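# Structural description and commentary
If you want the building blocks of each chain, they are given just below.
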Amino acid sequence: MCPTVALSATVEKLRQEGNTYFNKGKFGAAIDKYTEAITLCPKVSVLYTNRALCHLKRNEWARVEEDSRNAIQLDSNCVKGHYTMGLALLQKQEYPEGVKELERALDLGRGADPNGYMVEEIWQELAKAKYMEWEQASSERAWELQKLKHACESALIEKHDAFQMEGFLDEAGTTHMQQLQALERVFEKAAEADTASEVPDYLCCRITLDIFRDPVITPSGVTYERSVILNHLEKVGEFDPITREPVEPSQLIPNFAIKEAVQAYLQENGWAYRTW
Amino acid sequence: MTGSSASSRKILSKIACNRLQKELLEWQVNPPAGFKHKVTDNLQRWVIEVNGAPGTLYSNETFQLQVDFPEHYPMEAPQVIFVPPAPMHPHIYSNGHICLDILYDSWSPAMTVSSICISILSMLSSSTVKQRPEDNDRYVKNCRNGRSPKETRWWFHDDKV
């Protein structure tokens, strides 16, 4: 028997044993199996991603990062590697880098299976990270505005008091009030961008009623969330849910314009990442 | 909470839960005219009060709809029935079951509770006689074991009333 075949059979057996331990929640035992397999055959990326998942369950983030890095080096299109790498970076509070890894994982995952559970899981983590990023930035902005508003108000009041001392009265009093009201309006307006409201309907899928993630357009010209319309075509029937015109899965086309519009909207309205 | 239907109901999927929360929110901001959602903590069963439209056979009458959502809503239609006493209508059976195609064969996941309500009200409003379907007694007898209208093989009456 060719030694490489024997070797790969042994490695495969170890991997499966590791998976069995993992599914039972015995992460330490699973790590041992994967490590043994890696020692025999250090060039298989899935061994690293599996071991990374064990470390993740044990909250050993430095090891998660190391194994994810190895996996990505061996296979740059490895969905799980980018996913666990992203999580490890977020854990270290390296938001932009972590988000980038998760976005890469999402793109790769969608390419492999737009309906897969990984895609949903990655999206959730990504949305959570983006939301936290927004929350932090927006509370800083709110604090800054608050301080600026106080400074402007006291400047106006000071100026008004000085006027009064010099004996200008009635007319100056009304403009003073108007100025304070105008100031209030200006700052309210400035805070609007950071206030959660409603996502416009044209950026939402008519089935999920949620903001688009992976929009596709049907021959009737209606845009839907990809995973959901695929599910509909399979389970309910091969017709457009709104126009009832016939549709086949192969006729769905990515709607890049809407996808970009969503990205631009989310860029300005980070609160809309809140999907949980 | 008493479960009146015999069919055991599975807990809502995540997609269903999300979508129903969105629908409820939208309903609160913008409810369909003539309907009132009765507040409960049960997302899976909505009870909705319907007021007959003015100028129709059912003006000044109030009915109750009960909407039960399946695990895979909106890929599957909800079960919609009138809580007896149901309106006297050629497409509504005395046990509350409604013969309306969009609730069964013609369901589409792009429809919402709100759009169903509007269809039901329009069905009521266009009625010219207050009477039960011809096969009412036979049908209701067949449903005595608590069968859901979704298990009925509907043979839809024509669109006109």
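Treat the numbers as computed from the prediction; the structure is a model and nothing was measured.

## So, the overall build of chain B
Broken down by element type, chain B carries three helices and four strands. Listing the helices and strands of chain B from first to last along the sequence gives α-β-β-β-β-α-α. Against the compact-globule benchmark of 15 Å for 161 residues, chain B has a radius of gyration of 15 Å, which places it among compact chains. When its C-alpha atoms are laid out on the principal axes, chain B stretches across 40 × 35 × 30 Å. Scored against the burial criterion, the 161 residues of chain B give a buried share of 48%. In chain B, of all internal contacts separated by at least 6 residues, the share reaching a separation of at least 24 is 61%.

## Section: the UniProt feature "repeat: TPR" (unreviewed entry) in chain A
UniProt feature "repeat: TPR" (unreviewed entry): in the numbering of this structure it lies at residues 11-44 of chain A. Within the segment residues 11-44 of chain A, helix and strand shares are 79% and 0% respectively, and the terminal C-alpha atoms sit 10 Å apart.

## A short note on helix α2 (residues 27-40) of chain A
All names here are of chain A. Here α2 contains 14 residues, and its C-alpha end-to-end distance of 20 Å stays within 8% of the 20 Å for a straight helix at 1.5 Å per residue. Those residues of α2 that fall on the buried side of the exposure criterion are Phe 27, Ala 30, Ile 31, Tyr 34, Ala 37 and Ile 38. For α2, the buried positions fall inside an angular range of 130° around the axis, keeping them on one side. Across from the buried face of α2, at angles greater than 90 degrees, the exposed residues are Asp 32 and Thr 39.

## Focus: the nonpolar core
Judged by nonpolar contacts, the single largest core of 46 residues is most densely connected at Tyr 83, Ile 122, Val 199, Ile 211, Val 262, Tyr 265 and Trp 271 of chain A. Taken together, the elements giving at least two residues each to this core come down to α4 (61-74), α5 (79-91), α6 (95-112), α7 (117-165), α9 (226-235) and α10 (256-268) of chain A. What Trp 271 of chain A contacts, discounting residues up to four positions off in sequence, is Tyr 131, Trp 134, Ala 193, Thr 195, Ala 196, Ser 197, Glu 198, Val 199 and Tyr 265 of chain A. Ranked by size, the runner-up nonpolar core spans 40 residues in total, among them Trp 46, Phe 69, Ala 86 and Cys 99 of chain B.

## Brief notes about the pattern of salt bridges
All names here are of chain A. Counting across every chain of the model gives 23 salt bridges over all chains. The shortest N-O distance in the salt bridge between Arg 110 and Asp 214 comes to 3.5 Å. Here Asp 214 lies in the loop between α8 (170-192) and β1 (215-217) and Arg 110 lies in helix α6, a separation of 104 residues in the sequence. The residues Arg 110 and Asp 214 share a single accessibility class, namely buried. The shortest N-O distance in the salt bridge between Glu 120 and Arg 213 comes to 3.1 Å. Here Glu 120 is found in helix α7, whereas its partner Arg 213 is found in the loop between α8 and β1, with 93 residues between them in sequence. Its relative accessible area of 33% is what places Glu 120 among the partly exposed residues. On the basis of relative accessibility, which here comes to 16%, the residue Arg 213 falls in the buried class. Here the salt bridges do not stand alone but share partners, grouping Glu 65, Arg 69, Lys 92 and Glu 94 into one network.

## With respect to the packing of aromatic side chains
All names here are of chain A. Under the definition given, this model contains 11 aromatic pairs over all chains. With a centroid separation of 5.4 Å and 45° between ring planes, the pair formed by Tyr 131 and Trp 134 is classed as tilted. Separated by three residues within a single helix, Tyr 131 and Trp 134 lie in helix α7, roughly one turn from each other. Of the two residues, Tyr 131 and Trp 134, neither departs from the other in class, the shared state being buried.

Cut-offs applied
- Residues numbered from 1 in each chain as written.
- Chains lettered and ligands numbered in written order.
- Predicted model: local features only at pLDDT ≥ 70, side-chain atom pairs only at ≥ 80, totals over all residues.
- Heavy atoms only, no water.
- Helix = DSSP H or I, 4+ residues; strand = E, 2+ residues; numbered from the N terminus.
- Rg over C-alpha atoms; globule rule 2.2 N^0.38 Å.
- Buried < 20%, exposed > 50% of the residue type's maximum accessible area, 1.4 Å probe, protein only.
- Contact = heavy atoms within 4.5 Å.
- UniProt positions renumbered as here; feature names shortened; annotations may be inferred.
- Expected span 1.5 Å × (residues − 1).
- Arc of directions from axis to C-beta.
- Core = buried A, V, L, I, M, F, W, Y, C linked by side-chain atoms within 4.5 Å.
- Salt bridge = Lys/Arg side-chain N within 4 Å of Asp/Glu carboxyl O.
- Phe/Tyr/Trp six-rings, centres within 6.5 Å; stacked < 30°, edge-to-face > 60°.

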